[in-house]
Amino acid sequence: MVGGRVTALSVHDVRFPTSLAGHGSDAMHTDPDYSAAYVIIETDAKDGLKGYGITFTLGKGTEVVVCAIKALSHHVLDKDLGDIVRDFRGFYRQLTSDGQLRWIGPEKGVVHLATAAVLNALWDLWAKQEGKPLWKLLVDMDPKQLISCIDFRYITDALTEEEAYEILQKGSIGKKEREEQMLEYGYPAYTTSCAWLGYSDQQLKKLCNEALKEGWTRFKVKVGADLEDDIRRCRVIRDIIGPEKILMVDANQRWDVPEAIEWMLKLAEFKPLWIEEPTSPDDVLGHATISKALAPLGIGVATGEQCQNRVIFKQLLQAEALQFLQIDSCRLGSVNENLSVLLMAKKFQIPVCPHAGGVGLCELVQHLIIFDYISISGSLENRTQMVRTP
């Protein structure tokens, strides 16, 4: 029986000095300190279980997210967990529609990151009380109950509740076999750890060779600061991994739209599977323009790491602006909002390749993508997730 009155919500500012060695560096974030606003929720339930949730940040910004979490905490304290999960859609909307905090969102930025951390902790506690990992809680959930966790406001022109229910019903076919496959083999993954922008060529070579020996077949390279440098680094890595291994490149929002197209024309010789975040994450039509221009080269557009909410994802899908959709477990409003995006991606037949790599992101997002494969997409074609961190 899920329940217990929430008696405490604490939040911690956790940081790691990754900037000292260039770990995590890219064209826009040259000195990142991988960090997290870490939430712990406690109840008066006799089991003594606690719920843990995070939002990933890059250093000083964590202070702002921590303040926002504290501002949201009154929505959670003294509430019964059973009441929350029985109307999770309503609770999600309560947090995202706070009459005063909504003004500095809505459903975007610091307040949304804070919302994700709080909701992640509640999902963690729910799964623990059910005695299951999160992915299993989702897989075993009745479609109607799962849909009741999703706020469909603003996306019914792209996905209705009825369509979502139909997708989940169809996804129930073969679920048992796919679950067994995941338990035995796991989900395909790629590494970014070999090619952070701040690494020397010598370090690139060393890390790529080590990754090959460990069995990695998919490699992502940070690009965008200097074209000649990018060409040299991509050539170094392609020469090491060979023509058959998969290469992706990531500009972390560095370019204007024409610049992105011109730059990628020069990097096309290295046959990247995708260019990730080529321009502003809010520029839906810009992504569509880049996507159309690069299609003849066989290069897809991937984005979503800093996609603000399900509405922007809806527009990216409607505009055919991306070929790989990258959900983030904390940028969106936790599991609740990610469920809606997974379902939209299925309707539009776009593969989901989650963003991860930061503090706790790999651990969180694996539950979402395993659930997606077992219950929604049923496919591993063109799908991968990032699981290796600095």
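Quantities reported herein were computed from a predicted structural model and do not represent experimental measurements.

(A) Representation of the packing of aromatic side chains in the model. Counting across every chain of the model gives 8 aromatic pairs. The interplanar angle of 45° and the centroid separation of 6.0 Å between the aromatic rings of Phe 88 and Trp 126 together place this pair among those described as tilted. Of this pair, Phe 88 sits in helix 3 (residues 88–96) while Trp 126 sits in helix 4 (residues 109–129), and the two are 38 residues apart along the sequence. The pair Phe 88 / Trp 126 is uniform in exposure class, with both members buried. The interplanar angle of 50° and the centroid separation of 5.0 Å between the aromatic rings of Trp 274 and Phe 324 together place this pair among those described as tilted. Of the two residues, Trp 274 is situated in strand 7 (residues 274–276) and Phe 324 in strand 9 (residues 324–325); the sequence distance between them amounts to 50 residues.

(B) Representation of the sheet that holds strand 1 (residues 6–15) within the structure. Spatially, 1-2-3 is the arrangement adopted by the 3 strands of the open sheet, whose pairing is antiparallel. Two strands bound the open sheet, and with one partner strand each, they are strand 1 and strand 3 (50–57). Across the sheet, the mean angle separating the axes of adjacent strands is 15° when strand polarity is ignored. Lying on the sheet, helix 1 (residues 61–72) is in contact with strand 1, strand 2 (35–43) and strand 3; it crosses strand 1 at an angle near 175°. The strands touched by helix 4 within the sheet are strand 1, strand 2 and strand 3, with strand 3 carrying the most contacts at an inclination of about 150°.

(C) Representation of helix 11 (residues 257–267). Every buried residue belonging to helix 11 is among Val 257, Ala 260, Ile 261, Trp 263, Met 264 and Leu 267, and all of these are buried. Buried positions along helix 11 lie against helix 10 (227–241), strand 6 (246–250), strand 7 and helix 12 (284–294).

(D) The arrangement of the pattern of salt bridges in detail. A complete count under the given rule lists 26 salt bridges for this structure. Among the ionic pairs, Asp 201 bridges to Arg 232, the shortest N-O distance being 2.7 Å. Here Arg 232 lies in helix 10 and Asp 201 lies in helix 9 (residues 201–214), a separation of 31 residues in the sequence. On the basis of relative accessibility, which here comes to 23%, the residue Asp 201 falls in the partly exposed class. Taking relative accessible area as the criterion, Arg 232 reaches 36% and is therefore assigned partly exposed. For Lys 220, the salt bridge identified is with Glu 276, shortest N-O distance 2.8 Å. With a gap of 56 residues between them, Lys 220 in strand 5 (residues 218–222) and Glu 276 in strand 7 connect regions that are remote in the sequence. Residue Lys 220 shares its accessibility class with Glu 276, and that shared class is buried.

(E) Spotlight on the nonpolar core. Among the nonpolar cores identified, the biggest contains 125 residues, and Ile 69, Phe 88, Leu 122, Trp 123, Ile 275 and Leu 325 are the most heavily contacted of them. Broken down by element, the residue count for this core peaks at 12 residues, all from helix 4. Those residues in contact with Leu 122 that lie beyond four places of it in its chain are Ile 41, Val 76, Leu 81, Ile 84, Phe 88 and Phe 91. In this structure, Tyr 190, Met 248, Ala 302 and Cys 353 belong to the second largest nonpolar core, which totals 6 residues.

(F) Quick peek at helix 3. The set of residues buried in helix 3 consists of Phe 88, Phe 91, Tyr 92, Leu 95 and Thr 96. Axial view of helix 3: buried residues confined to an arc of 130°, hence all on one face. Elements in contact with the buried residues of helix 3: helix 1, helix 2 (81–86), helix 4, helix 13 (310–318) and helix 14 (334–348).

(G) Geometry of the pairing of strand 2. Within strand 2, 7 of the 9 residues are buried, which leaves the element mostly enclosed by the surrounding structure. Strand direction decides the pairing type here: strand 1 and strand 2, joined by 9 bridges, are antiparallel. In the sheet register, His 12 faces strand 2, and the bridge partner there is Tyr 38. Strand direction decides the pairing type here: strand 2 and strand 3, joined by 8 bridges, are antiparallel.

Calculation criteria
- All residue numbers refer to positions counted from 1 along the written sequence of the respective chain.
- The predicted nature of this model means local features are confined to residues of pLDDT at least 70 and side-chain atom pairs, given and counted, to a pLDDT of 80 or more, with totals for whole chains, interfaces and linings taken over all residues.
- Hydrogens and waters are ignored; side-chain quantities use all the structure's heavy atoms.
- Within 6.5 Å between ring centres, the rings of Phe, Tyr and Trp (the latter by its six-membered ring) count as paired, and their orientation is classed by plane angle as stacked under 30 degrees, edge-to-face over 60, tilted in between.
- Helix and strand labels come from DSSP, where a helix needs a run of H or I of at least four residues and a strand needs a run of E of at least two; each type is numbered from the N terminus.
- With a 1.4 Å probe rolled over the protein chains alone, any residue whose accessible area is under 20% of its type maximum counts as buried; one over 50% counts as exposed, and the rest are partly exposed.
- Paired strands, as defined in this entry, are two strands with at least two bridges between them according to DSSP.
- Between N-to-C directions, angles cover 0 to 180 degrees, with each direction set by a line fitted to C-alpha atoms, over the stretch in contact for helices.
- The contact criterion used throughout is that any non-hydrogen atoms of two residues lie within 4.5 Å.
- Salt bridges are counted wherever a side-chain nitrogen of Lys or Arg sits within 4 Å of a carboxyl oxygen of Asp or Glu.
- What we call a nonpolar core is a set of buried Ala, Val, Leu, Ile, Met, Phe, Trp, Tyr and Cys residues that are connected through their side-chain atoms within 4.5 Å.
- The directions from the helix axis to the C-beta atoms form the arc being described.

By themselves, these figures tell us nothing about what the structure is for.
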